[in-house]
Amino acid sequence: MSQKQVLSLSIEGMSCASCVGRVERGLSELPGVADVRINLAAESAQLSIARPEQAAEVIATLEELGYPARASSVTLNVQSLACASCAGRLGQRLQALPGVIDANVNLAAEIATVTFAEGAVTPQDLANASTAAGFPASLADAATTQTRSGHKEREAQDLSRQAAVAAIFALPVFLAEMGGHFVPTLHHWIHLTIGMETSWMLQFALTSIVLFGPGRMFFAKGIPALLKAAPDMNSLVAVGTGAAYLYSTVATFMPGLLPASVRAVYFEAAAVIVVLILLGRYLEARAKGRTGAAIEKLLGLQPTTARVLRDGEPVEAPIETILPGDVIEVRPGERIAVDGTMTDGSSFVDESMISGEPVPVAKSAGMPVTGGTVNGAGSIRFEATHVGADTVLARIVRMVEDAQGAKLPIQVLVDRITLWFVPAVMAIAALAFLAWLTFGPQPSLTFALVAGVSVLIIACPCAMGLATPTSIMVGTGRAAEMGVLFRKGDALQQLAETGTVALDKTGTVTQGRPELTDILLADGFDRASMLATVAATERRSEHPVAEAILRAAEAEGAERLEADSFTSITGHGVSAEIAGKRVLVGADRLMAREGIDVSGFGGQASNLARRGRTTLFAAIDGRAAALIGVTDPVKPSSRDAIAALHARGLRVAMITGDKRETAEAIAAETGIDTVIAGVLPEGKVAALDSLREGGTTTIAFVGDGINDAPALAHADVGIAIGTGTDIAIESADVVLTSGDLRGVVNAHAVSRRTMRNIRQNLFWAFAYNTALIPVAAGFFYPALGVMLSPVLAAGAMALSSVFVLTNALRLRAIAPAMAESASPQARAAMPVAAPAE
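Fair warning: this is a prediction, and the values are worked out from it, not measured in the lab. (Residues numbered from 1 in each chain as written. Predicted model: local features only at pLDDT ≥ 70, side-chain atom pairs only at ≥ 80, totals over all residues. Heavy atoms only, no water.)

**Student:** What is the right way to look at empty space enclosed by the protein in this model?
**Tutor:** With a probe scaled to a water molecule rolled over the atoms, the places where space remains empty come into view. On inspection of all chains with the given rule, the structure shows 3 cavities of 30 Å³ or more. Here the second largest cavity defines a volume of roughly 40 Å³. Lining the second largest cavity, in full, are Ala244, Tyr266, Ala269, Leu449, Val450, Val453 and Pro790. At 3 residues, helix H16 (residues 444-458) tops the list of elements feeding residues into the lining of the second largest cavity. The residue makeup of the lining of the second largest cavity, split by class, is 7 nonpolar, no polar and no charged. (1 Å grid on protein atoms, 1.4 Å probe; cavity = no way out; pocket = protein on both sides within 12 Å on 5 of 7 lines; lining within 4 Å. Points joined across faces, edges and corners; volume = space filled by probe spheres on them. Helix = DSSP H or I, 4+ residues; strand = E, 2+ residues; numbered from the N terminus. Nonpolar A, V, L, I, M, F, W, Y, C, P; charged D, E, K, R; others polar.)

**Student:** What's the story with the side chain of His572 in this structure? I'm lost.
**Tutor:** Along the polypeptide, His572 turns up in the loop between strand S20 (564-569) and strand S21 (573-578). For His572, a relative accessible area of 18% corresponds to the buried category. When near neighbours in sequence (up to four residues on either side) are disregarded, His572 contacts Gly586, Ala587, Arg589, Leu590, Arg593 and Leu680. (Buried < 20%, exposed > 50% of the residue type's maximum accessible area, 1.4 Å probe, protein only. Contact = heavy atoms within 4.5 Å.)

**Student:** Is there a simple way to explain the packing of aromatic side chains in this structure?
**Tutor:** The description of an aromatic ring pair uses the distance of the two centres, along with the angle that the planes make with each other. Using the criterion set out here, one finds 13 aromatic pairs in the structure. Ring centres of Phe204 and Phe267 lie 6.1 Å apart, and the angle between their planes is 65 degrees; on these two criteria the pair is classed as edge-to-face. Taken together, the positions of Phe204 in helix H7 (residues 196-212) and Phe267 in helix H10 (residues 267-291) put the pair 63 residues apart, joining distant regions of the chain. With a centroid separation of 5.4 Å and an interplanar angle of 50 degrees, the aromatic rings of Phe447 and Tyr781 are classed as tilted. Taken as a pair, Phe447 in helix H16 and Tyr781 in helix H30 (residues 781-784) lie far apart in primary sequence, 334 residues in all. Counting every residue linked through ring pairs, the aromatic cluster contains Phe204, Phe212, Phe219, Tyr245, Phe253 and Phe267. (Phe/Tyr/Trp six-rings, centres within 6.5 Å; stacked < 30°, edge-to-face > 60°.)

**Student:** Is there a simple way to explain the pairing of S20 in this structure?
**Tutor:** Where a strand is regular, its side chains alternate between the two sheet faces. Of the strand pairs in this sheet, S20 and S21 are connected by 4 bridges, and their pairing is antiparallel. Across the sheet, residue Ile569 finds its bridge partner in S21, namely Gly573. Counting the residues that bridge the hairpin from S20 to S21 gives 3 residues, and of these Gly571 lies at a positive phi of roughly 80 degrees. (Pairing = 2+ DSSP bridges.)

**Student:** Please clarify how a positive patch on the surface should be interpreted in this entry.
**Tutor:** Residues Arg753, Arg756, Arg759 and Arg810 make up a contiguous surface patch of positive charge. Of note, Arg810 is situated in the loop between helix H31 (790-809) and helix H32 (824-829). (Patch = residues over 30% accessible without salt bridge, like charges linked within 9 Å, V, L, I, M, F, W, Y side chains within 5 Å. Areas by Shrake-Rupley, 256 points an atom, 1.4 Å probe, with all protein chains shown as cover. Salt bridge = Lys/Arg side-chain N within 4 Å of Asp/Glu carboxyl O. Lys, Arg positive; Asp, Glu negative; His and termini not counted. Charge placed at Lys NZ, Arg CZ, Asp CG, Glu CD.)

**Student:** Quick question: what am I supposed to make of the sheet that holds S21 here?
**Tutor:** Backbone-to-backbone hydrogen bonds join strands into a sheet, with any given pair of strands oriented parallel or antiparallel. The strand order across the open sheet built from 6 strands is S19-S24-S23-S22-S21-S20, with neighbouring strands paired in antiparallel fashion. Looking at strand neighbours, the two that pair on one side only are strand S19 (515-521) and S20, the edges of this open sheet. Each neighbouring strand pair of the sheet contributes to a mean axis angle of 20 degrees, computed without reference to strand direction. Direction of pairing for S19 relative to strand S24 (residues 623-631): antiparallel, over a ladder of 6 bridges. Paired with Ile519 across the strands is Ile628, a residue of S24. Sitting on the sheet, helix H20 (residues 527-538) touches S19, S20, S21, strand S22 (581-586), strand S23 (614-620) and S24, and the angle it makes with S21 is about 110 degrees. (Axes fitted to C-alpha atoms, helices over the stretch in contact; angles between N-to-C directions.)

**Student:** For this particular structure, what's the right way to read the sheet that holds strand S3 (residues 44-49)?
**Tutor:** Strand order in the open sheet made by the 3 strands is S1-S3-S2, with antiparallel pairing throughout. Since the sheet does not close on itself, it has two edges, and those belong to strand S1 (5-10) and strand S2 (33-39), each with one partner. Mean inter-strand twist for the sheet, computed between neighbouring axes without regard to direction, equals 15 degrees. Relative to S3, S2 is paired through 5 bridges, and the arrangement is antiparallel. Each bridged residue has a counterpart across the sheet, and for Ala34 the counterpart in S3 is Ser48. Strands in contact with helix H1 (residues 17-28) are S2 and S3; relative to S2, the strand with the most contacts, it is inclined by about 165 degrees.

**Student:** Looking at this structure, I do not really get the packing of H16 against helix H29 (residues 742-776). What am I missing?
**Tutor:** For any two helices packed against each other, one specifies the inter-axial angle together with the distance between the axes. Packing of H16 against H29 leaves a shortest axis separation of 8 Å and a crossing angle of 165 degrees. Viewed along their axes, H16 and H29 adopt a mutual orientation that is roughly antiparallel. Where H16 crosses over H29, the two elements pack in a sense that is right-handed. Contacts between H16 and H29 involve Ala451, Ser454, Val455 and Ile458 on the former and, on the latter, Tyr768, Asn769, Leu772, Ile773 and Ala776. (Parallel < 35°, antiparallel > 145°, perpendicular 65-115°, else oblique. Left-handed = near helix turned anticlockwise from the far one by under 90°.)

**Student:** Got a minute to help me understand the packing of helix H23 (residues 602-610) against helix H25 (residues 660-670) in this structure?
**Tutor:** Across the interface, H23 lies against H25 with an axial gap of 7 Å and an inter-helix angle of 20 degrees. On the basis of the axis angle, H23 is roughly parallel to H25. By crossing handedness, the relation of H23 to H25 is classed as right-handed. Residues Ser606, Ala609 and Arg610 of H23 touch H25, and the partners they reach there are Glu661, Thr662 and Ala665.

**Student:** Explain the confidence of the model for the protein chain here, please?
**Tutor:** Looking at the protein chain as a whole, the pLDDT averages 81, with 85% of positions reaching at least 70. Here residues 141-147 is a poorly scored stretch, pLDDT under 50, and it has 14 contacts once near neighbours within four places are set aside; other chains count. Long-range and interchain partners of residues 821-837, a stretch whose pLDDT sits below 50, account for 27 contacts in this model, where long-range means more than four residues apart. (pLDDT = per-residue confidence, 0-100.)

**Student:** Where do I start with the nonpolar core in this structure?
**Tutor:** The nonpolar side chains of a soluble globular protein tend to be buried, and buried together. Residues Met14, Leu27, Leu47, Val58, Phe486, Leu503 and Ile719 are the most contacted members of the largest nonpolar core, which totals 142 residues. The leading source of residues in this core is H29, at 12 residues. With residues up to four places along the chain from it excluded, the contact list for Leu503 reads Thr508, Val509, Ile642, Val652, Ala653, Met654, Ile655, Ile672, Phe701, Val702 and Leu741. In this structure, Ala552, Ala553, Phe566 and Ala626 belong to the second largest nonpolar core, which totals 26 residues. (Core = buried A, V, L, I, M, F, W, Y, C linked by side-chain atoms within 4.5 Å.)

**Student:** What is the right way to read a nonpolar patch on the surface from this model?
**Tutor:** Taken together, Phe779, Phe780, Leu784 and Val786 make up a surface patch of nonpolar side chains, about 410 Å² in accessible area. Residue placement: Leu784 occurs in helix H30. Since its relative accessible area comes to 62%, Leu784 is described here as exposed.

**Student:** What should I look at first to understand the environment of Ala129 in this one?
**Tutor:** Tracing the backbone through its elements, the reader meets Ala129 in helix H4 (residues 123-132). The contact partners of Ala129, leaving out residues within four places of it in the chain, are Arg93, Leu94 and Leu97.

**Student:** Please explain the pattern of salt bridges as it appears in this structure.
**Tutor:** Oppositely charged side chains may form a pair once their charged atoms are brought near each other. For the coordinates displayed, the defined rule picks out 17 salt bridges. One salt bridge in this structure joins Glu594 and Arg582, with 3.5 Å as the shortest N-O distance. Placement of the pair is Glu594 in the loop between helix H22 (588-593) and H23 and Arg582 in strand S22, with a sequence separation of 12 residues. According to the relative accessible area criterion, Glu594 is partly exposed, its value standing at 29%. Exposure remark for Arg582: the relative accessible area of 36% places this residue in the partly exposed category. Here the residues in one salt-bridge network are Glu12, Glu43 and Arg70, joined through shared partners.

Structure below.
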C-alpha cells in the first residue's frame, strides 16, 4: 500500500466560513483524498493524496469550485540541456511533480519556466528535481516567488484603490438621496433644478459604475456560487445590492410597473454597501497580513548568503547552494547560515532565538552551531551538517505552520453551523420579504425590500469563519517567539484545559548532570579500586549517572580497567565482567532480582535518599561491595516555575525511577504535590493513568529523554524540553526550545490566553448574527418602531470581521508569564557580542 502524501495549497477567493465548507466538501469528495483541512485566515488547504498525480485533480477541482489555488512562477537556470529530447524529458519530469501547473523548458536559453501552486511545492524543490533528473539547476530569480505577506499587502493595496474609486462615485449618490435628512432644503433644490427623474438617472449611472466596476467581484463570484446551489458571502452581497439596484432601476425607467406609493429608489444603499464592504475587506486583508508576522520574522532570521570555502578561499554564495560538508566562515556579528559543527576558532553565539536565553553561549571547535543564531566577537568556521528544510530554523517554521493550520475541537461545532449559515440567511431574508409584503403596513413593498436586503447584508459568516484560525495563527506565532512550539494545533485547547502537569525528574526538574557525592564501602574493599571497577562497568552506559561516575573516576585519577560482556538491564542497572569477576551496578531492585543481600547498607541508603541522593549498589561476584550516592542538582528555575503553575491552578506531579525518599526530598525542595517513585520506563504510562484515576481528566507530561517518549505520546499533552532527545521531541505535542520549566508556564499562559481570545471571537460572531439578523428583518418594528437601514447593516457587517481580526491581533502583545533570562552575575561574566550586520 503506497504511503499518502500531504499536499499544502494557498487558495484565492475564500471570504467566509461558507466558502471554507464548500471547498472542504468539494475536496473531500475526491477519491483518494483525505484529511482535508481548510484555514480561512491563512487562506490555505492541507490534505492527503494517495498518488502524486492527484494533485492536478485537486487543483482543477478548486478551479471549478471558484477558489483557484494561488499560483506563482519561477525561472530556473538549467545545465546539460543537449537537445530537444532533454528539454522534453525535463519538462515531463517537472510537470509530474505534485502542484506543478505548467512547465516550459527553453533549450536555446537553457532555462525552465515553471508555474506551480503555492504551498504544494517550492522553487528549491523544482531545482532539486531538475538536478536529480540529470540537469543541474539553480534559481534564476527567487524574487518571483510571492510570499503570503507580500500577497496580502498587494491585495490590501488593490482593495484600498477599489474602495476609494467606489467611494468617489457613491458619495454624490448618497448626498443626493440621503442629504435631505440632514439639509431639508436639498431635496427641494434638486427638484427645482434638475428634477427628481434626472437625479434618479444620474444616481443610476453612478451606482452602475460602482456595482460593475469595483463591486463586480461580488457578482462574478457570488452569482456562479448561487447557481451551483452553494451560496457564499459574495452571494449575499450580490443578491442584496442587486435587489436594491434592480428595484431602483425599475422605479426609474419603468415607473408604471410600481404603485405610486412604493415608487422610490435605493441606489444609495447599493452603492454605499459596496463601499463599506470593500473598506471592510481592505482592513481585513491588512489584518490577515499581520497574523503571519511571526513566521515572517522567523524566516527573516536566516541570511540569504554565506561565505563558503571554495578551494580554500571564502566565496559569497547563496544559501540554497550550501551542501552538507561545506565549510563556512562567519565573521563577528554575522548570522550563522545553516546548522553545523565548529571546526576552527572560538566565539560567543547569541542563541536567544532557540533557547530564549539572552546570554551568548561559548562555542569552540567540535561544538554545534545553529542556523539563524548570531555570532559574537570572534571569527569562526564550521562544517555544514543540516541545510535547507533540515535545519533547526526550518523545522521550527514547519512546526509553527502545521500548528497554525490545525483545526481545534472547538471548531467542529462552528463548522457545522457555518455549513448551513448562508442558505439559512437567504431563507430568513426571503421569509422576511414575504412577511412584510403580506402583513406589513403600506408601503409594504418598500418595507419588504428594506428588510430582505438588510438581512442579506448584515449576516456575517466571515466573523464565524475567522474566529478560531486567526487566534490560532497569532497565538502560536507569539508562542514561537517566546520559545514555545506547538507541533499540533489542538494542543492549544488541550493544554488550556489541563488540570495536572506531570514531570519527569532527570533533566526536567533537575539539571540532568548528576555528580558523585558518596561511596560507602563494605569490608575488604578500598575506594580507589572500587571507583575504577564501577567506572569500567558504567563506561558503555549512556545513563547520566554513568557520566557522573566516569567524571569522578577521571578527576581522582582512577585506574582504567577493561570490561567484557557488558549488559544494560533497562530500569535496573548494568553488568559486566572485569578481571574475571562479575560486577553489577544498579538500583536496589537489581540486587533483589539477583538475590544479593544489601541489608548491611540499609540504614545508610535511607539516610542518603532522605538527603536527595540517588542511591546505587555495586556487587562483585554476588556480594554487596559498595553503596554509591549521586546527586542531580535541581535547576534554579524549577521551584519558581512550579510555584507559578500552582498559582495558575494546576496540580504538579513528579514521576521518577528513583527511590521514594529521594523523590520526596526533591518534591519538598521544589513544592511538587504528588510523587510517583520507583517507576520503570515502561511504567510511566501506567503512572499517568493512575493520576487520571485521581480525578484529573486532562494531563500534560513534561520530559526530555528517550524513555519519556511513550509517556509523551500517551499524555493528553506531551511537552518536550528542547534540550532533550529527537525521539522525545517527535513524540511531543509541544516543544520548549529552552531547557527548563519556565517554558511550561509560558506555554500554559499562551494556551489559556489564546482559547479565551477564541471564545471572545466566537461569542462576538454568534451574538452579532443572533442579535442583528432579527433587527434587520424588522422583528422589533411593531413594538419599538426600529427598522435597520441596509447601509447601516453593511457598516455593521464590515466591522464585524474586522473586530474579530483586531481582537486576535491583541495576542501579539502577550508577555512571557516567566522571563527566561540568566542571572546578572552570569550576564556580567560574558563578553558583549558585536551587533549583527
